[in-house]
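# Understanding the architecture of this molecule
Residue-level listing of the chains:
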Amino acid sequence: MHIHYLDAVRAKRPLVHSITSTVAAHFSANGLLALGASPLMANSPAEVAELAAHSAALVLNIGMPTDAQVEAMLLAGEAANRAAVPVVLDPVAVSASAYRREIVAKLLARLQFAAIRGNAAELAYLADVPWQASGVDAGEGSGDLAAIARQVATRYRCLAVLSGARDYISDGKRLAVLANGTPLLLRITASGCLLSAVLAAFLAVTSANERFQAACEACASYAIAGEQAAAGLAPSQSGSFAARFIDALAAISAAEVAAAIRIETGE
Amino acid sequence: MHIHYLDAVRAKRPLVHSITSTVAAHFSANGLLALGASPLMANSPAEVAELAAHSAALVLNIGMPTDAQVEAMLLAGEAANRAAVPVVLDPVAVSASAYRREIVAKLLARLQFAAIRGNAAELAYLADVPWQASGVDAGEGSGDLAAIARQVATRYRCLAVLSGARDYISDGKRLAVLANGTPLLLRITASGCLLSAVLAAFLAVTSANERFQAACEACASYAIAGEQAAAGLAPSQSGSFAARFIDALAAISAAEVAAAIRIETGE
Amino acid sequence: MHIHYLDAVRAKRPLVHSITSTVAAHFSANGLLALGASPLMANSPAEVAELAAHSAALVLNIGMPTDAQVEAMLLAGEAANRAAVPVVLDPVAVSASAYRREIVAKLLARLQFAAIRGNAAELAYLADVPWQASGVDAGEGSGDLAAIARQVATRYRCLAVLSGARDYISDGKRLAVLANGTPLLLRITASGCLLSAVLAAFLAVTSANERFQAACEACASYAIAGEQAAAGLAPSQSGSFAARFIDALAAISAAEVAAAIRIETGE
């Protein structure tokens, strides 16, 4: 499998505007910078529309939402939609509170997303599939993950990326299942948030009809950088892993991704 | 000394809701995750009561307080009190401003805490003992640290944990003095904030009459993980230490804590 | 060249109050602590005037501005001006939005800064020199960097520090060009923000007529600690570098700075 978009990210250094949580902001910015993109964190309603319209992609992450931040998300999202800037939604812990459910409903009603990325519990909620979640983790649950990804993509007319031990990527028709990754990625806070930002960086350098492929490459680059960073570490070494993962995001090459990718794609 | 609660934290993965400062959020979340707990950071008044009621413990940290955050703390704290969810107060730099003194007075008047954890200057303020503090550090001062811990516990009918070169843990009657730790823990920002969160994780898996013991174990696990992480590092290597400390929190075993603990308990 | 102020920072442990972005808060606090200063992060309008007046220096960083934070910056800045506490401005991405341009105009109109530190694009904007910027990075541009630094210093009657591959430091009359540093410093988020905080720590221990020299030493200590941390690392290892840089800020000695400094000073 040829990897097209990683080098494009590094060549174009897309400006990725994130409206995200306090927990994820620093790690996401460092990860984007390591990958080769240009991070921009800003969440004041007074400036986000202007910034989003001039960005190459926008990420809306509801990890620690407030009313002001939601107002900013709507303003930024509408400006991005008008300017054809791709927008990625990360519906963190959407089912954990009525407030989050309302926020996500509002965002989905008023904005058109290029992609939605979340864990199984979050995407199951968006697909109306019963799921037992606990807090912000994916929790335990049964359900056809591929069907959930496909349903989210169909319902919201966008890419759906359901990430976990395996990643399920769908545009409603096609489905890819990615088997790369490391459990250590689940042991560091905001790793999902950073994946959403990395996905946005890949979509920023891709035309609309190549987004499915770009999303597969984004997830693969991320997961394989994780494998590289985890090599030689014990499962408990999440602190060391976090630093090495940033290193790996900067060093990983398209050839390495192509050689290590384990993905199955079908209709 | 047998260590009971560390394995319980890992088995139950308690959801620990923190309302904390921008500085502490990411490090606290990573530390809780490494330890085996499940972190939840959220501070909107619109959702914290619902989240706190469904959490296993709540941490209120006034490191960077705002009016909205204080409103959220009161709502979350009252919901936690109603649901018998243990609440930990971290009165960061309480004596540094009139605003912080008022906030802490309000929190203490309206909420029942399971534990209060702070440094000597912070707990001396709560115990009405004169203390010379400088900023958010403990500063220099004299005073009977054991008496301060005991007085805070008695006055606020909760556990008091006074941490520093030695930790003083009291429930008003009993007093434990823990001699473990490393100066490197004082060289990383938010290490006290994370200890408050770790304490909350231990209280989350403990019945009310075992909390004194659980608090001793929380402080010991934390301090001994620090000793492990500091092994082989120079006193200046706080950057390297921070990553290794996260690793150590994940790897440390109850047997290791039991073997290394240096604690004296009395009436 | 004799290095005077690094040891003074460590001896006096100045309290440096920062009003800064979510992205920069934790890294800045850790860096200040490593250097030997005492960080204080607080941004509520309800307490910042009191805190700033009792601090040894104040940093105002517009990386993620909000209306409430700007209000806090004005209150803190005015209190610092009244108390003769030196104030450092970091005009992050000032030209990226109308909102930031207005904020910086307001801050410059109402406050007297001891120093302004930014990259070439940010200082070019303040000097009214055309510059092509992209997002929060310096972007590409031509222009006489020395002239820009000098003009910012003259116009705002303060020190100007233009940082990049080389740092240009001017008080309007004198100009120093520092050639130390490592590209890895540009690969970690908030490294400029931390440099502004480090600059504030040096100004905190310096009388007003020694500030030019102190600023040169601050930039040199920072850049040479970066060189030490980068030794043996690949250009991609920004994650590892960040931890080692914190270590180096704590370990670096005045003698090491004096031996490694590459600076040219002129009128």
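Residues numbered from 1 in each chain as written. Chains lettered and ligands numbered in written order. Predicted model: local features only at pLDDT ≥ 70, side-chain atom pairs only at ≥ 80, totals over all residues. Heavy atoms only, no water.

## Remarks on the packing of aromatic side chains
Residues and elements named next belong to chain A. Per the stated rule, a full pass over the model turns up 6 aromatic pairs over all chains. On the numbers, 5.6 Å between centres and 15° between planes, the contact of Phe241 with Phe245 is stacked. Placement of both Phe241 and Phe245 in helix H10 (residues 238–251) is noted, with a separation of 4 residues, approximately one turn of the helix. Using a relative accessible area of 0% as the deciding quantity, one classes Phe241 as buried. What makes Phe245 buried here is its relative accessible area of 0%. Taken together, the ring pairs connect Tyr222, Phe241 and Phe245 into an aromatic cluster. (Phe/Tyr/Trp six-rings, centres within 6.5 Å; stacked < 30°, edge-to-face > 60°. Helix = DSSP H or I, 4+ residues; strand = E, 2+ residues; numbered from the N terminus. Buried < 20%, exposed > 50% of the residue type's maximum accessible area, 1.4 Å probe, protein only.)

## Observations regarding the pattern of salt bridges
Residue and element names in this part refer to chain C. With the rule as written, the count across this model stands at 18 salt bridges over all chains. Arg174 is paired through a salt bridge with Asp171; the nearest N and O atoms lie 2.8 Å apart. Judged by its relative accessible area of 25%, Asp171 is partly exposed. (Salt bridge = Lys/Arg side-chain N within 4 Å of Asp/Glu carboxyl O.)

## Let's talk about the sheet that holds strand S7 (residues 167–170) of chain B
All names here are of chain B. Sheet architecture is open: 9 strands sit in the order S2-S1-S3-S4-S5-S6-S7-S8-S9, paired in mixed fashion. Where the open sheet ends on each side, the last strands, each with one partner, are strand S2 (38–41) and strand S9 (263–266). When the angles between neighbouring strand axes are averaged without regard to direction, this sheet yields 15°. Taken together, the 4 bridges between strand S1 (residues 15–19) and strand S3 (residues 57–61) define a ladder with parallel strand orientation. If you follow Ile19 over to S3, its bridge partner there is Leu60. Where helix H2 (residues 22–35) meets the sheet, its contacts fall on S1 and S2, and the angle it forms with S2 comes to roughly 160°. (Pairing = 2+ DSSP bridges. Axes fitted to C-alpha atoms, helices over the stretch in contact; angles between N-to-C directions. Contact = heavy atoms within 4.5 Å.)

## Some details on the UniProt feature "binding site: ATP" (unreviewed entry) in chain A
Residues and elements named next belong to chain A. The positions UniProt marks with the feature "binding site: ATP" (unreviewed entry) are Arg117 and Ser163. A maximum C-alpha distance of 7.3 Å among these annotated residues, which run over 47 residues, shows that they cluster at one spot. As for its position among the elements, Arg117 is in strand S5 (residues 115–118). With residues up to four places along the chain from it excluded, the contact list for Arg117 reads Leu89, Asp90, Pro91, Leu123, Val161, Ser163, Gly192, Cys193, Leu195, Ser196 and Leu199. Summarising the element assignment, Ser163 is placed in the loop between strand S6 (159–162) and strand S7 (167–170). The exposure class of Ser163 is buried, given its relative accessible area of 14%. (UniProt positions renumbered as here; feature names shortened; annotations may be inferred.)

## Overview of the side chain of A:Ser170
All names here are of chain A. By the secondary structure assignment, Ser170 is in strand S7. Of the residues examined, Ser170 reaches a relative accessible area of 0% and is grouped as buried. Reaching out from Ser170, the side chain makes a polar contact with the backbone oxygen of Arg174 at a distance of 2.9 Å. Residue contacts for Ser170: discarding those within four places in its chain leaves Ala149, Arg150, Ala153, Cys158, Leu159, Ala160, Leu175 and Phe212. (Polar contact = N/O pair within 3.5 Å; in protein donor to acceptor, adjacent residues only side chain to side chain.)

## A look at the environment of A:Ala160
Residue and element names in this part refer to chain A. Positionally, Ala160 belongs in strand S6. In this structure Ala160 comes out as buried when scored by relative accessible area, which is 0%. A C-alpha to C-alpha distance of 18 Å links Ala160 and Lys106, two positions 54 residues apart in sequence. Here Ala160 is in contact with Ile116, Leu123, Ala149, Val152, Ala153, Tyr168, Ile169 and Ser170, once residues within four sequence places are set aside.

## Looking at the relation of the copies chain C and chain A
Of the two same-sequence chains, chain C is brought onto chain A (RMSD 0.0 Å, axial shift 0.0 Å) by a rotation of 120°. Those values place the two copies in the arrangement expected of a three-fold rotation axis. Closest approach to the rotation axis within chain C is made by the C-alpha atom of C:Thr22, at a distance of 3.5 Å. (Least-squares fit on C-alpha atoms with pLDDT ≥ 70 in both.)

## Structural notes on the packing of helix H2 (residues 22–35) of chain A against helix H2 (residues 22–35) of chain C
Packing of H2(A) against H2(C) leaves a shortest axis separation of 7 Å and a crossing angle of 80°. When the axis of H2(A) is compared with that of H2(C), the two are roughly perpendicular. Taken together, the residues of H2(C) that come into contact with H2(A) (itself represented by A:Thr22, A:Ala25, A:His26 and A:Ala29) are C:Thr22, C:Val23 and C:Phe27. For the contact of H2(A) with H2(C), a count of residues per class yields 4 nonpolar, 3 polar and no charged. (Parallel < 35°, antiparallel > 145°, perpendicular 65-115°, else oblique. Nonpolar A, V, L, I, M, F, W, Y, C, P; charged D, E, K, R; others polar.)

## Let's talk about the UniProt feature "binding site: substrate" (unreviewed entry) in chain A
Residues given the UniProt feature "binding site: substrate" (unreviewed entry) here are A:Met41 and A:Ala190. The topology assignment puts A:Met41 in strand S2 (residues 38–41). With residues near it in sequence (within four places) discarded, A:Met41 still touches A:Ser18, A:Thr20, A:Ala25, A:Ser28, A:Ala29, C:Val23, C:Gly63, C:Met64 and C:Arg100. Apart from the residues lying within four places of it in its own chain, the contact partners of A:Ala190 are A:Val23, A:Ala24 and A:Phe27.

## Remarks on the pairing of strand S8 (residues 175–178) of chain C
Residue and element names in this part refer to chain C. Of the two faces of S8, both are covered, the one formed by Leu175 and Val177 as well as the one formed by Ala176 and Leu178. Judged from the 4 bridges that link them, strand S7 (residues 167–170) and S8 form a sheet pairing that is antiparallel. Looking at the pairing, Asp167 lines up with Leu178 of S8. Connecting S7 to the next strand, S8, in antiparallel fashion are 4 residues, including Gly172 with a positive phi near 100°. The pairing of S8 with strand S9 (residues 263–266) spans 4 bridges and is antiparallel. Counterpart to Ala176 in the pairing with S9 is Thr265.

## Let's talk about the interface of chain B and chain A
Across the contact, 25 residues belong to chain B and 25 residues belong to chain A. The partner of A:Arg100 in a salt bridge is B:Glu47, with the nearest N and O atoms 2.8 Å apart. Counting across the interface, chain B meets chain A through 9 residue pairs in polar contact (both at pLDDT 80 or more). Mapped onto the side of chain B that touches chain A, the elements with two or more residues apiece are H2, S2, helix H3 (48–53) and helix H10 (238–251) of chain B. Counting residues per element, the side of chain B that touches chain A draws most heavily on H2(B), at 7 residues. Among the residues forming the side of chain B that touches chain A, the class breakdown is 15 nonpolar, 6 polar and 4 charged.

## Digging into the relation of the copies chain B and chain A
When chain B is fitted onto chain A, the two copies agree to an RMSD of 0.0 Å after a turn of 120° and an axial shift of 0.0 Å. When the interface residues of chain B are mapped onto chain A, a mere 4% of them again fall at the interface, so the copies present different faces.

## Observations concerning the interface of chain C and chain A
On the side of chain A, 25 residues touch chain C, which itself brings 25 residues to the contact. Here chain C meets chain A over a buried area of about 2,000 Å², counting both sides, of which 54% is carbon and sulfur. In this assembly, chain C and chain A are joined by 1 salt bridge. Seen at the junction of chain C and chain A, the total is 9 residue pairs in polar contact (both at pLDDT 80 or more). Looking at the side of chain C that touches chain A, the elements with two or more residues in it are H2, helix H5 (98–110) and helix H10 (238–251) of chain C. Considering only residue class, the side of chain C that touches chain A consists of 10 nonpolar, 11 polar and 4 charged. (Buried area = accessible area lost by both parts, 1.4 Å probe.)

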